[in-house]
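# Fold and geometry: a report
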Amino acid sequence: MKAITQDRYGSTDVLAFKDIPIPEPGADEVLLRVRAAGVGPDVWHLMTGLPYLVRLAGFGLRRPKVAVRGRDVAGVVESVGAGVTGFRAGDAVFGTSAGSFAEYACARADQLAVKPANLSFEQAAAMPVSGGTALQGLRDLGQVRAGQQVLVTGAGGGVGSFAVQLAKEFGARVTGVCGPSRTELVRSLGADRVIDRSTADFVDGTRYDLVLDTAGGQPLAQLRRALTPGGTLVIVGSEGAGRWFGGTDRVLRAALLSPLIGQRLRGLFSSERGADFAFLAGLAGEGKLTPVLDRVFPLAEAAKAIQYVHEGHPLGKVVISI
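For the structure given in this document, a descriptive report is provided here. (Residues numbered from 1 in each chain as written. Predicted model: local features only at pLDDT ≥ 70, side-chain atom pairs only at ≥ 80, totals over all residues. Heavy atoms only, no water.)

### Notes on the environment of Glu169
Keep this limit in mind: A run of DSSP states H or I qualifies as a helix once it reaches four residues; a run of E qualifies as a strand once it reaches two. Both are numbered from the N-terminal end. Here's how the labels work: a residue is buried when its accessible area is under 20% of the maximum for its type, exposed when over 50%, partly exposed in between, all with a 1.4 Å probe on protein chains only.
In this structure, Glu169 sits in helix H5 (residues 158-169). For Glu169, a relative accessible area of 35% translates into the label partly exposed. Linking Glu169 and Lys65, residues 104 residues apart in sequence, is a C-alpha distance of 39 Å.

So this is what it looks like as structure tokens:
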């Protein structure tokens, strides 16, 4: 099968488009014929091994443990492991896989869900990592409730575009912060108010019960000024230039500060759960959640897709079609 592989950490020049053997599923895995794979900032971090915290987290100290890139996946089940009972050959599914930039990939059964019939494979591949992160940030850490005022920074991005829609579904009044090219998109996703960050500061006297920060660049002090005295901040975006911790230093500082103040400051390290993907699939199937696709690249141009995401801050999600 064709796949995008790497044998060392580095920029996109370490990637190779080549033939490798089709993997064999383990007892709790399924083998997928991959139809589409999502591309997010996580792919860049796993490709470069930066910040170094990525390597210490178990992805390989000197070289990637998994040679094939990609996490988000959507495809058709080819075969199932001996311990899998929830899926069978021919099922259209989506979720996460270690190595989805390939014609075939193995995925754990508990990290998959049935693809909604009304979504294309490309749309479904956009949901797992970004949609799951938005869901866990709002529902699990943020404990969002109907009637609350919610602020989403980076509202036009991969996580942010899902967060706006999910917060509205949970009954919140949503303000989205984004760049000027994204204001119409964010408004179309259901945001009650849209702030163009190039012309206005979201710290304008309005206080929010929950701030979901997916943009990654705002100082803690600024984010706290936008919160009610008992409000909650959930930090999702933690991009930064540091080679050891990147932007996760904000998360560490938030964890140290939170017990000393009335506001709840939390950093999200999301999990990949089939139950969450099934929840998203239910909303998408009812037309209440729509993945936003910026561009679709062929598998052979995966390096271009990764570079585009890293440099361009796309509207919604970038996807590879296979």
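### Observations regarding the pattern of salt bridges
Put simply, the rule is: Salt bridge criterion: a side-chain nitrogen from Lys or Arg within 4 Å of a carboxyl oxygen from Asp or Glu.
Here the structure, examined in full by the defined rule, presents 16 salt bridges. The partner of Asp19 in a salt bridge is Lys2, and the shortest N-O contact between them spans 3.2 Å. Here Lys2 lies in strand E1 (residues 2-5) and Asp19 lies in strand E2 (residues 16-19), a separation of 17 residues in the sequence. The exposed category is assigned to Asp19, whose relative accessible area is 52%. Relative accessible area serves as the criterion here: at 31%, Lys2 is assigned to the partly exposed category.

### With respect to the nonpolar core
Quick note on the threshold: Among buried residues, those of type Ala, Val, Leu, Ile, Met, Phe, Trp, Tyr and Cys that are joined through side-chain atoms within 4.5 Å constitute a nonpolar core. The contact definition used throughout considers only heavy atoms, calling two residues in contact when any of these lie within 4.5 Å.
Formed by 44 residues in total, the largest nonpolar core has its most connected members in Phe94, Met127, Leu138, Val150, Val164 and Leu166. Counting only elements with at least two residues in this core, the list comes to helix H3 (121-125), helix H4 (128-141), strand E8 (149-153), H5, strand E9 (173-178), helix H6 (183-188), strand E11 (208-213) and helix H9 (274-285). Among the elements that make up this core, the one with the highest residue count is H5 (six residues). With residues near it in sequence (within four places) discarded, Val164 still touches Val152, Ala155, Val174, Val186, Leu189, Gly190 and Ala191. The next biggest cluster of nonpolar side chains, apart from the first, holds 18 residues, and it includes Ile4, Val39, Phe297 and Leu299.

### Observations concerning the packing of aromatic side chains
Definition in use: We call Phe, Tyr and Trp rings a pair once their centres come within 6.5 Å, taking the six-membered ring for Trp, and we label the pair stacked below 30 degrees between planes, edge-to-face above 60, and tilted otherwise.
Applying the stated rule across the entire model yields three aromatic pairs. Ring centres 6.2 Å apart and planes at 45° place the aromatic pair Phe94 and Phe277 in the tilted group. On the criterion of sequence distance, the pair formed by Phe94 in strand E5 (residues 92-96) and Phe277 in helix H9 is long-range, its members being 183 residues apart. Here Phe94 matches Phe277 in class, with each residue buried.

### Topic: the side chain of Thr232
Operational definition: We call two N or O atoms a polar contact when they sit within 3.5 Å, provided that within protein one can donate a hydrogen and the other can accept it, with sequence-adjacent residues counted only if both atoms are side-chain atoms.
Inspection of the secondary structure assignment puts Thr232 in strand E12 (residues 227-235). Residue class for Thr232 comes out buried when judged on its relative accessible area of 6%. A polar side-chain atom of Thr232 sits 2.9 Å from a polar atom in the side chain of Arg264. What Thr232 contacts, discounting residues up to four positions off in sequence, is Leu141, Gly142, Asp209, Leu210, Val211, Leu227 and Arg264.

Geometry only, nothing functional implied.
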